[in-house]
Amino acid sequence: MSADAEQRLAEAIERMPLVDHHAHGLLPDPTEADLLDALTQAEHAASVADVFDSGQGFALRRHCAPLLGLPSFASPAAYLAARRTLGADEVARRLLRASGIAAYLVDDGHRPDLLMADERMARLADARVHRVARLETIAERVLAESSSGGEFVARLGPALEAAAAEAVAFKTVAAHRCGLGLDPARPTAVEVRSAADVWSASERAGAGDAGPAASARPRLTDPTIIRHLIWWALERGAVLQVHAGFGDADLVLEASNPARMQALVAATAGTGGRIAFLHCSPFVREAGWLAHVFPHVFVDVGLAVGFLGANADSVVREAFDLAPFSRVLFSSDAWGVPERVLLGARLWRDAAARVLGGYVADHGWPVDEATRIAEGVAWRNAERLYGRRFVEA
Amino acid sequence: MSADAEQRLAEAIERMPLVDHHAHGLLPDPTEADLLDALTQAEHAASVADVFDSGQGFALRRHCAPLLGLPSFASPAAYLAARRTLGADEVARRLLRASGIAAYLVDDGHRPDLLMADERMARLADARVHRVARLETIAERVLAESSSGGEFVARLGPALEAAAAEAVAFKTVAAHRCGLGLDPARPTAVEVRSAADVWSASERAGAGDAGPAASARPRLTDPTIIRHLIWWALERGAVLQVHAGFGDADLVLEASNPARMQALVAATAGTGGRIAFLHCSPFVREAGWLAHVFPHVFVDVGLAVGFLGANADSVVREAFDLAPFSRVLFSSDAWGVPERVLLGARLWRDAAARVLGGYVADHGWPVDEATRIAEGVAWRNAERLYGRRFVEA
Amino acid sequence: MSADAEQRLAEAIERMPLVDHHAHGLLPDPTEADLLDALTQAEHAASVADVFDSGQGFALRRHCAPLLGLPSFASPAAYLAARRTLGADEVARRLLRASGIAAYLVDDGHRPDLLMADERMARLADARVHRVARLETIAERVLAESSSGGEFVARLGPALEAAAAEAVAFKTVAAHRCGLGLDPARPTAVEVRSAADVWSASERAGAGDAGPAASARPRLTDPTIIRHLIWWALERGAVLQVHAGFGDADLVLEASNPARMQALVAATAGTGGRIAFLHCSPFVREAGWLAHVFPHVFVDVGLAVGFLGANADSVVREAFDLAPFSRVLFSSDAWGVPERVLLGARLWRDAAARVLGGYVADHGWPVDEATRIAEGVAWRNAERLYGRRFVEA
């Protein structure tokens, strides 16, 4: 009977729609090198073997190969050949639709120039696509259009409001820019203006050195301006997604610990804004505690689920430790290629079925209760957090 | 045969008396809001769902509901109704007695004004209650009675001695006040006096501002005075309980890592005092290493066991990794409501039976040896550490 | 069929030769106190019980006792008596040969005066012994022979080259000396010379104070010189082993986190050198991420495997999470006594069989693929990394 209960839970989880509350767009026609690079957090894939002989690589061969008409655990060479034969759109169509994701919240802050339009992704996936606005990207665009710190400050507010009108949430990559150990205080207007002056001057000096043609896109690393953006988003009652935990080598791992942000989280508890810590591994337990003690904090374990492969259970389990279950979310954090979407969804379903199935079998959880908890993570908690219907009735 | 060995181990663990070497008192007649608040580390429970839809909440519905005459996994509403019907004393009596805890070491440092007298708790529980004296609370009481830093220093020693006469151990909440990253050096008398002058003056200034009626209880956060208290306790050969790891949002999570205290632990190795790191999650492995390399260090995994619910195994397992088995202790860290006592005991027994049962089944541990190790954690190690008989023969 | 696949995998892992890419020499004739001290990371074993009632102690009684002709889980007293009866050489011969280790890479940096010659260990083990040169030890020897910072700098290069001619790799104990949070910049010649002057002067001042007879061996803790040594090794394209994670109390646990070294790892990515983070527990996930994002980084989980005993699975599992499988290595980190060699090997085989066997059973991994991955960790990855044949065809 217990094996039957676990089976019923696994089937229920299999059928659930998912809301991927944090993903990125897809490359329209990735080369093999693009594909390999998109399958690692290293700057470039060191080799085919590095990508395929890994937790994620084994999961890819197991789960994606059959969707391309290959046997499970087909060789990397056979997989890459099948991908070429089918073409990027057909591969995307198959993998995205097999994921069971009904809606994507897409952050286009990382190399949007390379990625397909939302409409095309929505069509391939047969799913809805919503926008998450990355605060640093908005600020960088405004700075590029401003000739002084004063102009930047004047233009920033309207630019943020315009982004807010089109987005369901904001996102910060403070972890990549200055670390999460931010001063909790809301910066004053004078502090923001002063920081903007310094940033503007330093970007123009850099552009000046290299000449106009070489002028690089501005890069925001100033913690005062980043804190200003964070406070702005939370004070308007928005959901702020915060990258936490591992990512690419552009971040300092220790500084990406969500616990570093504790003082700022505490300071913003009364704003009406909500904070969703994304991914968090290897600091899932720290993030779970923040969700436990602060009612405006949510957590997901995206990214790690896809990369850990067979050990995805470990992070899915940790997410249920201290966080109230209603504040745990699903995401893939996929970027560039549909394999990462499929793996994010497939591995979460399997891990959730195993972890919660174990709690049914060994800890007496009624299967209906376990199903309800899984459903919350799959899509209901996201609908409540973002205040939107993402899944069709 | 292996399943039989596991069964014998589980039965032995079920019958063991427990010494809860770190708990708190109970609220005499909690309202529903009190109950919910006592079941979270958040300042206030955000909602009934936040408390019940969680690892601890599911464990509560599973294990406490039947003790109130309800089916396992009764609804939160049914549970709260049954609690009202039975009354606080009857609920406490049932849950405390079902825990199998023979003795409690009670730290009354957190809101003692709200909690019932030890004698009443002992009667309800049919167990012994011993006292743990919280160093910061003693110092704060002394400061409130002193009109200068000099008077504080003069009164402190006698007050500590008086507390020592009634307590089986001391406790520090340095993690909540200044973090565990303390300078290892024993403060000099001049340093203590100077810090006392500053604290005394600042408390009197604060009281003066608000007027005498509003004068708040002093709060000790000065690391020099806290170090003085720690050295004092250890140099007199006492057991010093040190809160480590997660708790309420009053502590900075990263600063509660017991590894932060390594230098002070090393410096006090020759004092004759012993240090018991309490709870420690998510830093159980760090605490286990400290116990491994320093013979005066002990660890427990209270608090987390109750809150993690179905995943309590993870912390119970980690406590056996590096710490010598004779230096692992049991506690509930329950505060306010008997549910936390019952869950601390129930989940520890189940987790210990599963973890050690797995070591019997898969790693060849003889069931008698596994039973002996469990018995050490359950009560024998505490009797050795505190040098007292807590359990009746 | 799945149980059969797991069985085939376990048998394959049982038969694999191992390359222990980081170990130390053995005490030629340890007393009982020596044995106990060698079985703990504490400065001295607090008691027989502390050593034997532990994860490692239970594993020792289970796995080593039968090799000395005793029943599994013989008492500590019986084990110690059998050891005396057989004699140190016979015990070493039995345990080393039972380990299935074909080659040892031996770091003689910790108390080499106490340890047997490589040739004797090779004969007892019937295995090859290669040398790992500890950078700090070389520098300390050079300083002892130099009368000034200038002379130290002049002699250091040739001494390092001489060591390189005899060693297959270098090792740094920066974690024990100044922590891994090193400035990433390559020190200039002027900076190195200046640091050498300070170190030389302070060692001579120390020796002068105590008189020539008491002059202690110099101890290198200067981070500039240590960084110089690290850069020197990596720029010549060598493999640099870096102790990370727990060890004895001589290191600061938090400062041994390999993530602390992220900036230096990033800065040396283009040197041609490779970094092998040793042991890493409890920071295995951090080390795995560094291996994921930096192609010149390798990880092992030695040391912890032997000490954790029945929970060795946890670190073996974490090592497969993010690191490309081809960059995971086996080591024992044994020092002084052959029990630690046997346990390192025995517990790794068992844990790898269980972890990868679970991936076969529950995650569809083909048994041949799992065998290939295990074989990489057992010896092939070490041969590739060090560019040598360690295992006879």
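**Some details on the overall build of chain A**
For chain A, the helix and strand inventory stands at 18 helices and eight strands. The C-alpha radius of gyration of chain A comes to 21 Å, within 12% of the 21 Å expected for a compact globule of 393 residues. In terms of its C-alpha atoms, chain A occupies a principal-axis envelope of roughly 65 × 50 × 40 Å. Expressed as a percentage of its 393 residues, the buried residues of chain A come to 63%. Sequence separation of at least 24 residues holds for 78% of the intrachain contacts in chain A that already meet a minimum separation of 6. Surface accessibility of chain A: about 13,400 Å² in total, with carbon and sulfur atoms responsible for 51%.

**Description of the relation of the copies chain A and chain B**
When chain A is fitted to chain B, the best match, at an RMSD of 0.0 Å, comes from turning it 120° and sliding it 0.0 Å along the axis. The two molecules are tied by a three-fold rotation axis, judged by turn and shift. Among all residues of chain A, the one whose C-alpha sits closest to the rotation axis is Ser 314 of chain A, at a distance of 6.0 Å. Mapped onto chain B, only 4% of the interface residues of chain A again fall at the interface, so the copies present different surfaces.

**Quick notes on the packing of aromatic side chains**
Scanning the model with the defined rule gives 36 aromatic pairs over all chains in all. Aromatic pair Phe 320 of chain B and Phe 325 of chain B: ring centres 5.6 Å apart, planes at 85°, arrangement edge-to-face. With respect to burial, Phe 320 of chain B and Phe 325 of chain B carry one shared label: buried. Ring pairing ties together the aromatic residues Phe 58 and Phe 73 of chain A together with Phe 320, Phe 325, Tyr 359 and Trp 365 of chain C, which thus form one cluster. Stacked on the ring of Phe 58 of chain A, the Lys or Arg Arg 61 of chain A has its end atom at 5.4 Å from the ring centre.

**Details of the pairing of strand β3 (residues 128–134) of chain B**
Residue and element names in this part refer to chain B. Across the seven residues that make up β3, a large majority, five, are buried. Read from strand β2 (residues 101–107) through helix α7 (residues 118–125) to β3, the crossover connection turns out right-handed. Pairing between β3 and strand β4 (residues 169–172): three bridges, direction parallel. Note that in β4 the partner of Val 132 across the bridge is Ala 169.

**Quick look at helix α14 (residues 284–293) of chain C**
For α14 of chain C, the tally of buried residues reaches ten of ten residues, placing the bulk of the element in the interior. Residues Val 284, Arg 285, Glu 286, Ala 287, Gly 288, Trp 289, Leu 290, Ala 291, His 292 and Val 293 of chain C constitute the buried set of α14 of chain C.

**Notes on unusual backbone geometry**
Most of the time, phi is negative for any residue but glycine, and the peptide bond is trans. Ser 281 of chain A connects to Pro 282 of chain A through a cis peptide bond whose omega is 5°. Mapped onto the fold, Pro 282 of chain A is located in the loop between β6 (274–279) and α14 (284–293). The phi angle at Phe 73 of chain B is positive, at roughly 60°, despite the residue not being glycine. Summarising the element assignment, Phe 73 of chain B is placed in the loop between α4 (55–67) and α5 (76–86).

**Structural notes on the relation of the copies chain A and chain C**
Superposing chain A onto chain C takes a rotation of 120° combined with a translation of 0.0 Å along the rotation axis, leaving an RMSD of 0.0 Å. Interface residue correspondence from chain A to chain C reaches only 3%, placing this contact among heterologous pairings that use different surfaces.

**Digging into the interface of chain A and chain B**
Each partner contributes residues to the interface: chain A has 28 residues there, and chain B has 29 residues. In total, chain A and chain B occlude about 2,600 Å² of area from one another, counting both sides; carbon and sulfur atoms represent 56% of this. The largest contributions to the chain A side of the interface with chain B come from Arg 285, Trp 289 and His 363 of chain A, which together make up 24% of the buried area. Summed over the shared surface of chain A and chain B, the result is five salt bridges. Note that Arg 285 of chain A and Glu 318 of chain B form a salt bridge whose closest N and O atoms lie 3.5 Å from each other. Between the two partners, chain A and chain B, sit 13 residue pairs in polar contact (both at pLDDT 80 or more).

**Some words on the side chain of Asp 313 of chain B**
Residues and elements named next belong to chain B. Assignment of secondary structure puts Asp 313 in helix α16 (residues 312–319). Residue classification places Asp 313 among the buried positions, given a relative accessible area of 14%. A polar atom in the side chain of Asp 313 sits 2.8 Å from the side chain of Arg 354. Residue contacts for Asp 313: discarding those within four places in its chain leaves Ala 351, Arg 354 and Val 355.

**Side note on the sheet that holds β4 of chain B**
In sheet architecture, strand pairing relies on hydrogen bonds along the backbone and comes in two forms, parallel and antiparallel. Residue and element names in this part refer to chain B. Strand order in the open sheet made by the eight strands is β1-β2-β3-β4-β5-β6-β7-β8, with parallel pairing throughout. Looking along the sheet, the strands with just one partner apiece sit at the ends: β1 (18–23) and β8 (328–329). Direction of pairing for β2 relative to β3: parallel, over a ladder of five bridges. The residue bridging Leu 105 from the neighbouring strand is His 130, located in β3.

**Things to note about the packing of helix α16 (residues 312–319) of chain C against helix α17 (residues 338–363) of chain C**
Residues and elements named next belong to chain C. Between α16 and α17, whose axes approach to 9 Å, the crossing angle comes to 60°. By the angle class used here, α16 and α17 are oblique. By crossing handedness, the relation of α16 to α17 is classed as right-handed. Of the residues in α17, those touching α16 at Ala 312, Asp 313, Val 316 and Arg 317 are Leu 347, Trp 348, Ala 351, Ala 352, Arg 354, Val 355 and Tyr 359. Taken together, the residues of the contact of α16 with α17 sort by class into eight nonpolar, no polar and three charged.

**A few points about the interface of chain A and chain C**
Reports often express the size of an interface as the amount of accessible area lost when the parts come together. Each partner contributes residues to the interface: chain A has 30 residues there, and chain C has 28 residues. Of the roughly 2,600 Å² buried at the junction of chain A and chain C (both faces included), carbon and sulfur atoms supply 56%. Where chain A meets chain C, there are five salt bridges. Put simply, chain A and chain C have 13 residue pairs in polar contact (both at pLDDT 80 or more) between them. Looking at the side of chain A that touches chain C, the elements with two or more residues in it are α4 (55–67) and α15 (304–308) of chain A. Looking at which element gives the most residues to the side of chain A that touches chain C, the answer is α4 of chain A, with four residues. Counted by class, the side of chain A that touches chain C contains 14 nonpolar, six polar and ten charged residues.

**Quick look at the state of the cysteines**
Note on terminology: a disulfide is the covalent bond linking the sulfur atoms of two cysteines. On inspection of all chains with the given rule, the structure shows zero disulfides over all chains. Cys 178 of chain C carries a free sulfur, and the closest cysteine sulfur to it, the one in Cys 280 of chain C, is 17 Å from it.

About the thresholds
Residues numbered from 1 in each chain as written. Chains lettered and ligands numbered in written order. Predicted model: local features only at pLDDT ≥ 70, side-chain atom pairs only at ≥ 80, totals over all residues. Heavy atoms only, no water. Helix = DSSP H or I, 4+ residues; strand = E, 2+ residues; numbered from the N terminus. Rg over C-alpha atoms; globule rule 2.2 N^0.38 Å. Buried < 20%, exposed > 50% of the residue type's maximum accessible area, 1.4 Å probe, protein only. Contact = heavy atoms within 4.5 Å. Areas by Shrake-Rupley, 256 points an atom, 1.4 Å probe, with all protein chains shown as cover. Least-squares fit on C-alpha atoms with pLDDT ≥ 70 in both. Phe/Tyr/Trp six-rings, centres within 6.5 Å; stacked < 30°, edge-to-face > 60°. Lys NZ or Arg CZ within 6 Å of the ring centre and 35° of its normal. Right-handed = clockwise from strand over helix to strand, strands pointing away. Pairing = 2+ DSSP bridges. Buried area = accessible area lost by both parts, 1.4 Å probe. Salt bridge = Lys/Arg side-chain N within 4 Å of Asp/Glu carboxyl O. Polar contact = N/O pair within 3.5 Å; in protein donor to acceptor, adjacent residues only side chain to side chain. Axes fitted to C-alpha atoms, helices over the stretch in contact; angles between N-to-C directions. Parallel < 35°, antiparallel > 145°, perpendicular 65-115°, else oblique. Left-handed = near helix turned anticlockwise from the far one by under 90°. Nonpolar A, V, L, I, M, F, W, Y, C, P; charged D, E, K, R; others polar. Disulfide = S-S within 2.5 Å.

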